[in-house]
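# Summary of the model geometry
Here is how the chains run, residue by residue.
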Amino acid sequence: MAVTQKERIFKGDPDGVDPDKVPKKILKSGARLPCVGLGTFGSDRFSAEAVAEAVKGAISVGYRHIDCASVYGNEAKIGTVLREVRENGLKREELWITSKLWNDKHGEKDVIPSCKQSLKDLQLDYLDLYLIHWPFSNFHAKGVDVTSRDPSAKPYIHENYMKTWRQLEKLVKMGLVKHIGTSNMTIPKLKLLLRDAEIKPVCNELELHPHFQQPEFFKFLLDNDIIPIGFSPIGSPLRPERDRSPGDTVDIEDPVIVKIAKRLNVHPAVVCVKWAIQRGQVPIPFSVNRNECLANLRCAVSAPITQEEMKEIAGIDKNCRLIKGQVFLWKSNQSWEDLWAPSGEITPP
Ligand SMILES: NC(=O)c1ccc[n+]([C@@H]2O[C@H](COP(=O)([O-])OP(=O)(O)OC[C@H]3O[C@@H](n4cnc5c(N)ncnc54)[C@H](OP(=O)(O)O)[C@@H]3O)[C@@H](O)[C@H]2O)c1
C-alpha cells in the first residue's frame, strides 16, 4: 500500500501530533496560523546547525509554524531543512514561515533586498509573515553587552517607521510576503501605524509569559484584529547573561505553575505554553530537545487547564519584562522603560 504523505513526515516519530488537529488562527485572508510555533533564536548557545536540526525534529513531530529572523544567523541552515522536508512530500502551503527585518535595514533601500536574502536563505518563494523586528533603526554588533550604545541611535520616529512599512507593503504587492506585522511595539506606536497603514499589520510579536502578561496591550491587539504572537513564552530561562537583570523572576518556578504542572504530570514549561494557547496568544517556544518540542505541541491538543487554574495564572502577573532592549536607548541618561511608552505616550526624542 502506498505510504501517505503524513506517514512519511512522521517516519520515526509515530507519537507526533497530527498537524491537522493543531488549532489554527484564521486570518482575514483565509490563511491558517498554527496556534503554536517553534522559536529559532539559539540564544548564542546553539549553533545554526543545531537549530536547523531542531526545526527538522519539530516538523517531524507535527510543527508547521516556524519563527525565524535574519539576525538569528541560521536562516540558511534552516532553509536546507525546509527544502528537504518539501522534497519528502510536505507542501509549501502546509507550512507557516515567519521572518523579520533587522534594525539596520530600516528605510527605503534595504528592506526589499533584506527580505529577498531571507527568502534565498530559507529557500522559499514567499514568506507567510514578515515583521519589523524592532521599531528602532539602530546598529549594534551581535552579542554586545546591554550597556553598549549606537552613537547614531534614533528614537522612534513615526515618519521613518512608515518609510519602512511602505516597503513591507510593497513586498506584499510583489507577492514575496503574504502578511506583514510588527514586533516589540507599544499601543501608541501601533495606533499611529493603524491610522497610516495601507496594509494593516495582522500580527504583533511581543514578550508574553505568565509573569509578563501585558493585559492592556493584549486586549488592544485583540480589539484591533491583530494576532498576538508571544515570544519567550516560558520566560526564556536560558537567555544570554546580557539579558538578565536583578529582580527578574522565573516563571517555571512559580508555585502556581509548578502546582498545575504536578497535576498534569508535565514540566512547568509546558504549563506556560498551554496557558498561552488557551488565553489566545500564539506562543513560539524554543527548544532543541525533541521531547520538549513534542510536549509543547502536544499540549495544544490535550484537555484544557481549568478556568480556576486560568484565573490563578492571571493572578501571578508580575509585570516582569525580561527583554528590555537597553541597546536601543538613544540618550545616556535614559532608562529602558523609556522604550516602552511608560506614560502611555511615545517618549519624545
Ligand atoms: N521578536 C523578538 O524580538 C523576539 C525576542 C525574543 C525571542 N523571540 C522568539 O521567541 C522564541 C522563544 O523565546 P526564547 O527562546 O527567548 O525563550 P522560551 O521559549 O521562553 O524558552 C526557551 C527555553 O525553555 C526551555 N524549554 C522549552 N520547552 C521546554 C519543555 N517542554 N520543558 C522544559 N524546558 C523547556 C528550553 O530549554 P533547553 O534549551 O534546555 O531545551 C529553552 O532554552 C525565540 O526562539 C525567538 O524565535 C523573538
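Residues numbered from 1 in each chain as written. Predicted model: local features only at pLDDT ≥ 70, side-chain atom pairs only at ≥ 80, totals over all residues.

### Let's talk about the overall build of the protein
When you go through the protein residue by residue, the secondary structure sums to 11 helices and 10 strands. Scaling as 2.2 N^0.38, a compact globule of 349 residues should have a C-alpha radius of gyration of about 20 Å, and the protein matches this with 20 Å. Within the protein, the proportion of its 349 residues that are buried is 42%. A sequence separation of at least 24 residues applies to 75% of the contacts in the protein between residues at least 6 apart. (Helix = DSSP H or I, 4+ residues; strand = E, 2+ residues; numbered from the N terminus. Rg over C-alpha atoms; globule rule 2.2 N^0.38 Å. Buried ≥ 20, exposed ≤ 12 C-beta atoms within 10 Å, placed from the backbone. Contact = placed C-beta atoms within 7 Å.)

### So, the site of the ligand
Taken together, 31 residues form the shell around the ligand, and within it G39, F231, I234, S236 and F286 come nearest. Ranked by the residues each element gives to the shell around the ligand, the list is headed by helix 10 (residues 290-298), at three residues. Of the residues assigned to the shell around the ligand, the class counts are 14 nonpolar, 13 polar and four charged. (Near = placed C-beta within 6 Å. Nonpolar A, V, L, I, M, F, W, Y, C, P; charged D, E, K, R; others polar.)

### Digging into the nonpolar core
One broad rule of soluble globular proteins: the nonpolar side chains tend to lie buried together. With 85 residues, the main nonpolar core has V55, Y130, V273 and L297 as its most contacted residues. In terms of residue count, the dominant contributor to this core is helix 9 (residues 268-279) (eight residues). If sequence neighbours within four positions are ignored, Y130 has contacts with S99, L101, C115, L168, L171, V177 and I180. (Core = buried A, V, L, I, M, F, W, Y, C linked by C-beta atoms within 7 Å.)

### Quick notes on the pairing of strand 7 (residues 177-183)
Among the seven residues that make up strand 7, six are buried, leaving the element largely enclosed by the rest of the structure. Pairing analysis gives five bridges linking strand 6 (residues 127-132) to strand 7, with the strands arranged parallel. Within strand 7, the residue paired with Y130 across the bridge is I180. In this fold, strand 6 hands off to helix 5 (residues 158-173), which returns the chain to strand 7; that crossover is right-handed. Where strand 7 and strand 8 (residues 203-207) come together, three bridges link them in parallel fashion. If you follow G181 over to strand 8, its bridge partner there is C203. Following the backbone out of strand 7, through helix 6 (residues 187-196) and into the adjacent parallel strand 8, one traces a crossover that is right-handed. (Pairing = 2+ DSSP bridges. Right-handed = clockwise from strand over helix to strand, strands pointing away.)

### Observations concerning the environment of I323
Counting through the fold element by element, I323 comes out in the segment after helix 11 (307-314). Each C-alpha atom of the pair I323 and R239 lies 9.3 Å from the other, and the pair is 84 residues apart in sequence. Discounting residues that sit within four places of it in the chain, I323 has contacts with E207, S232 and D243.

### Focus: the sheet that holds strand 4 (residues 65-67)
Read from one edge to the other, the open sheet built from eight strands follows the order 3-4-5-6-7-8-9-10, with strand pairing classed as parallel. The sheet is open, and its two edges are formed by strand 3 (38-39) and strand 10 (282-283), each paired on a single side. Bridge analysis of strand 4 against strand 5 (residues 96-101) gives three bridges, and the strand direction is parallel. Residue pairing in the sheet places I66 in a bridge with I97 of strand 5.

### Describing the environment of N319
When you line up the elements, N319 lands in the segment after helix 11. Expressed as a C-alpha distance, the spacing of N319 and D248, which sit 71 residues apart in the sequence, is 10.0 Å.

### Observations regarding the packing of helix 2 (residues 48-60) against helix 3 (residues 75-87)
Where helix 2 meets helix 3, the closest approach of the two axes is 8 Å, and the angle between their N-to-C directions is 25°. The angle between the axes of helix 2 and helix 3 places the two elements in the roughly parallel class. When you trace helix 2 past helix 3, the crossing you get is right-handed. Facing helix 2, whose interface residues are A48, E49, V51, A52, V55, K56 and I59, helix 3 presents K77, I78, T80, V81 and V85. Grouping the constituent residues of the contact of helix 2 with helix 3 by class yields eight nonpolar, one polar and three charged. (Axes fitted to C-alpha atoms, helices over the stretch in contact; angles between N-to-C directions. Parallel < 35°, antiparallel > 145°, perpendicular 65-115°, else oblique. Left-handed = near helix turned anticlockwise from the far one by under 90°.)

### Thoughts on the pairing of strand 5
Regular strands place their side chains on alternate faces of the sheet. With six of its six residues buried, strand 5 lies for the most part within the structure. Here strand 5 shows no split at all, with W96, T98 and K100 on one side and I97, S99 and L101 on the other all buried. Where the polypeptide runs from strand 4 across helix 3 and back to strand 5, its parallel neighbour, the crossover connection is right-handed. Relative to strand 6, strand 5 is paired through four bridges, and the arrangement is parallel.

### A short note on unusual backbone geometry
Of note in the backbone geometry, D225 takes a positive phi value of approximately 60° without being a glycine. Its location among the elements puts D225 in the loop between helix 7 (215-223) and strand 9 (227-231). A count of 12 C-beta atoms within 10 Å places D225 in the exposed class. The backbone of N319 sits at a positive phi, close to 50°, despite the residue not being glycine.

### Details of the environment of P113
Secondary-structure assignment places P113 in helix 4 (residues 111-122). Through-space distance from the C-alpha of P113 to that of N333 is 36 Å; in sequence the pair is 220 residues apart.

### A look at the packing of helix 3 against helix 4
At a minimum axis distance of 6 Å, the contact between helix 3 and helix 4 shows a crossing angle of 45°. On the basis of their axis angle, the class for helix 3 and helix 4 is oblique. When helix 3 is examined against helix 4, the residues E75, A76, I78, G79 and L82 are found in contact with a partner set consisting of S118, D121 and L122. Taken together, the residues that form the contact of helix 3 with helix 4 break down as four nonpolar, two polar and two charged.

By themselves, these observations are geometric and do not establish any function.
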